[in-house]
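What follows is the residue order along each chain.
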Number of protein chains: 2
Amino acid sequence: MEDFMTLKNQLCFAVYETAGEFNKLYSSVLQSFGLTYPQYLVLLALWEDDGVTHKELGEKLNLGTGTLTPMISRMEANDWVRKERSKEDERKVYIYLQEKAIEEKRTITKKVAEVIQSCQIELEEYEQLMQQLNTLQKKMRERKTN
Amino acid sequence: MEDFMTLKNQLCFAVYETAGEFNKLYSSVLQSFGLTYPQYLVLLALWEDDGVTHKELGEKLNLGTGTLTPMISRMEANDWVRKERSKEDERKVYIYLQEKAIEEKRTITKKVAEVIQSCQIELEEYEQLMQQLNTLQKKMRERKTN
DNA sequence: TATGATTTAATTGTACACGATTTAATTAAA
DNA sequence: TTTAATTAAATCGTGTACAATTAAATCATA
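What counts as what
- Residue indices follow the written sequence of each chain, beginning from 1 at its first position.
- Here chains are named by letter from A upward and ligands by number from 1 upward, in the order in which they appear as written.
- Local features in this predicted model are restricted to residues whose pLDDT is 70 or higher, and side-chain atom pairs enter the listing and the counts only when it is 80 or higher, whereas totals over whole chains, interfaces and linings include all residues.
- Side-chain descriptors were evaluated using all non-hydrogen atoms of the structure, hydrogens and water having been removed beforehand.
- Helix axes are fitted to C-alpha atoms over the stretch in contact, other axes to C-alpha atoms as well, and angles between N-to-C directions run from 0 to 180 degrees.
- Under the scheme used here, helices are H or I runs from DSSP no shorter than 4 residues and strands are E runs no shorter than 2 residues, and both carry numbers assigned from the N terminus.
- Angles are sorted into four bins: roughly parallel if under 35 degrees, roughly antiparallel if over 145, roughly perpendicular if 65 to 115, and oblique for all others.
- We call two residues in contact whenever any of their non-hydrogen atoms come within 4.5 Å of each other.
- The residue classification treats Ala, Val, Leu, Ile, Met, Phe, Trp, Tyr, Cys and Pro as nonpolar and Asp, Glu, Lys and Arg as charged. All others, Gly included, are polar.
- The rule is simple: take the accessible area with a 1.4 Å probe, protein chains only, and divide by the maximum for that residue type; under 20% is buried, over 50% is exposed, in between is partly exposed.
- Within this scheme, the nonpolar core is defined by two criteria: the residues are buried Ala, Val, Leu, Ile, Met, Phe, Trp, Tyr or Cys, and they are joined through side-chain atoms within 4.5 Å.
- Nearness here has a simple test: a residue counts as near a molecule or strand if at least one of its heavy atoms is within 4 Å of that partner.
- Here a polar contact is recorded for every N or O atom pair within 3.5 Å, except that within protein the pair must consist of a potential hydrogen donor and a potential acceptor, and residues adjacent in sequence are included only if both atoms are side-chain atoms.
- In this description, strands pair whenever DSSP reports at least two bridges between them.
- Fitting of the copies onto one another was done by least squares over C-alpha atoms, counting residues only where both copies have pLDDT of at least 70.

1. Let's talk about the packing of helix α2 (residues 37-48) of chain A against helix α4 (residues 65-77) of chain A
Residue and element names in this part refer to chain A.
Here is step 1: The geometry of α2 relative to α4 is characterised by a closest axis approach of 11 Å and an angle of 85° between their N-to-C directions. Here α2 lies roughly perpendicular to α4, going by the angle between them. Here α2 contributes Pro-38, Gln-39, Val-42 and Leu-43 to the contact with α4, which in turn contributes Leu-68, Met-71, Ile-72, Arg-74 and Met-75.
Here is step 2: Here the contact of α2 with α4 is built from residues that sort into seven nonpolar, one polar and one charged.

2. Some points on unusual backbone geometry
Residues and elements named next belong to chain A.
Here is step 1: Despite not being glycine, Asp-79 has its phi angle at roughly 65°, a positive value.
Here is step 2: Its place among the elements puts Asp-79 in the loop between α4 and β2 (81-85).
Here is step 3: Residue classification places Asp-79 among the partly exposed positions, given a relative accessible area of 44%.

3. Some points on the nonpolar core
Here is step 1: If you look at the biggest cluster of nonpolar residues, it comprises 96 residues, and the most contacted ones within it are Leu-57 and Leu-61 of chain A together with Leu-57 and Leu-61 of chain B.
Here is step 2: When sequence neighbours within four positions are dropped, the list of residues in contact with Leu-57 of chain A reads Val-42, Ala-45, Leu-46, Val-52, Leu-68, Ile-72 and Ile-95 of chain A.

4. Some details on the protein's contact with DNA strand D
Here is step 1: Taken together, 26 residues lie near DNA strand D, and Tyr-16, Lys-55 and Thr-65 of chain A together with Thr-36 and Gln-39 of chain B sit nearest.
Here is step 2: Close to the protein, within 4 Å, the atoms of DNA strand D belong to sugar or phosphate groups at a rate of 73%.
Here is step 3: Between DNA strand D and the protein, one listed contact pairs a phosphate oxygen with a backbone N or O atom of Val-93 of chain A at 3.1 Å.
Here is step 4: Between DNA strand D and Gln-39 of chain B there is a distance of 2.6 Å, counted from a phosphate oxygen to a side-chain nitrogen or oxygen.
Here is step 5: Of all the secondary-structure elements, those providing two or more residues to the surface near DNA strand D are α1 (11-30), α3 (54-61), α4 and β2 of chain A together with α2 (37-48) and α4 (65-77) of chain B.
Here is step 6: If you tally residues by element for the surface near DNA strand D, the top one is α4 of chain B, at four residues.
Here is step 7: Partitioned by chemical class, the residues of the surface near DNA strand D number five nonpolar, ten polar and eleven charged.

5. Some thoughts on the protein's contact with DNA strand C
Here is step 1: Taken together, the neighbourhood of DNA strand C is formed by 26 residues, with Thr-36, Gln-39 and Arg-74 of chain A together with Tyr-16 and Thr-65 of chain B sitting nearest.
Here is step 2: Sugar plus phosphate: this is where 75% of the atoms of DNA strand C within 4 Å of the protein reside.
Here is step 3: Within the backbone of Val-93 of chain B, a nitrogen or oxygen atom sits 3.2 Å from a phosphate oxygen of DNA strand C.
Here is step 4: For the surface near DNA strand C, the secondary structure elements donating two or more residues are α2 and α4 of chain A together with α1 (11-30), α3 (54-61), α4 and β2 (81-85) of chain B.
Here is step 5: Split by residue class, the surface near DNA strand C holds five nonpolar, ten polar and eleven charged.

6. What about the sheet that holds strand β1 (residues 52-53) of chain B?
All names here are of chain B.
Here is step 1: Reading across from one edge, β1-β3-β2 is the order of the three strands in this open sheet, with antiparallel pairing throughout. The sheet terminates laterally at β1 and β2, the two strands that pair on one side only.
Here is step 2: Summarising the sheet, β2 and strand β3 (residues 93-97) pair through five bridges and their orientation is antiparallel. Residue pairing across strands places Lys-83 opposite Ile-95, the latter belonging to β3.
Here is step 3: On top of the sheet, α4 reaches β2 and β3; it is set at about 120° to β2, its chief contact.

7. Here's the deal with the relation of the copies chain B and chain A
Here is step 1: For the match of chain B to chain A, the screw axis carries a shift of 0.0 Å, the RMSD comes to 0.0 Å, and the turn is 180°. Each copy turns onto its partner about a two-fold axis.
Here is step 2: Of the interface residues in chain B, 100% have counterparts in chain A that sit at the interface too, so the contact is made through matching surfaces.

8. Notes on the sheet that holds strand β1 (residues 52-53) of chain A
Residues and elements named next belong to chain A.
Here is step 1: Spatially, the three strands line up as an open sheet ordered β1-β3-β2, and their pairing is antiparallel. Here the strands that pair on one side only, and so sit at the sheet edges, are β1 and β2.
Here is step 2: Bridge count for β1 against strand β3 (residues 93-97) is two bridges, and the pairing is antiparallel. Looking across to β3, one finds that Thr-53 is bridged to Tyr-94.
Here is step 3: Strands β2 and β3 of the sheet are contacted by α4, whose axis makes an angle of about 120° with β2.

Written out as structure tokens, the structure is:
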């Protein structure tokens, strides 16, 4: 009978640690571009869909305004993105990629892909984990709050 | 052919998001005790092994002194733990649970277990994820840095 | 036994992350 | 149409998280 109260047997801790490992791994590549790991996630979102509103970006990344606003400001200061307030609805702010972010896309993603490949993760392993994590997330979000 | 550059197809993002969900889920229980999720992880480690050094605790949790020192200070201020500098080697600091942390253990872990159970995670699912995350972590830590 | 290297924590600076509040713009209702 | 409710960002306060530096204690060795 396993002890479920042990730190190393806690799923939450395994996820917490893995997230930390990803952060470190990605940072090791990204720092040479002057990017942090969360900032890279913002770029990923924008490369996929440029010119979204602050709100939409936050929803995509699961980040609130208290996190996103200062982060976007830093990325603006470093010429990765630019903000533009909507003319039709002045409450909305659109986020656009700057040339730098478009130009460097290939270089950055190539470097990142290289590091990930150096981990030798099997495709099957990758996909299984993705699927299981998504299932888990769904359960956590949809749990019945008695 | 899947697009691996998509945010939702990124394993790193799935892990990042899941960690966030765990944080929120656990926080919903822990806030009534005046605990944060990382602080709960510290308690988990100490319930398992009380009176370890600052260094050992950091290794167990994968946290550096820059994170742990202020966190332990806050937990000390809230009567969860106490610090004691070693007599034999004054560089070392031992961390001990306070009565409050020992007394409340059952109540806290019971509440946490309830919330986790409300997510309806299958045992098989749980164990598979644990195992896969550990394998992944190992690969990320041991990758050959060309 | 001095001195240089190592070890352990604390400190500093930057960057998330989140809940709560505030502010401004838009929309809905009386 | 004025007022009330809602929405979108920004701001604030607290708490991680980490790399780099500092400071103090111990150890190694010449």
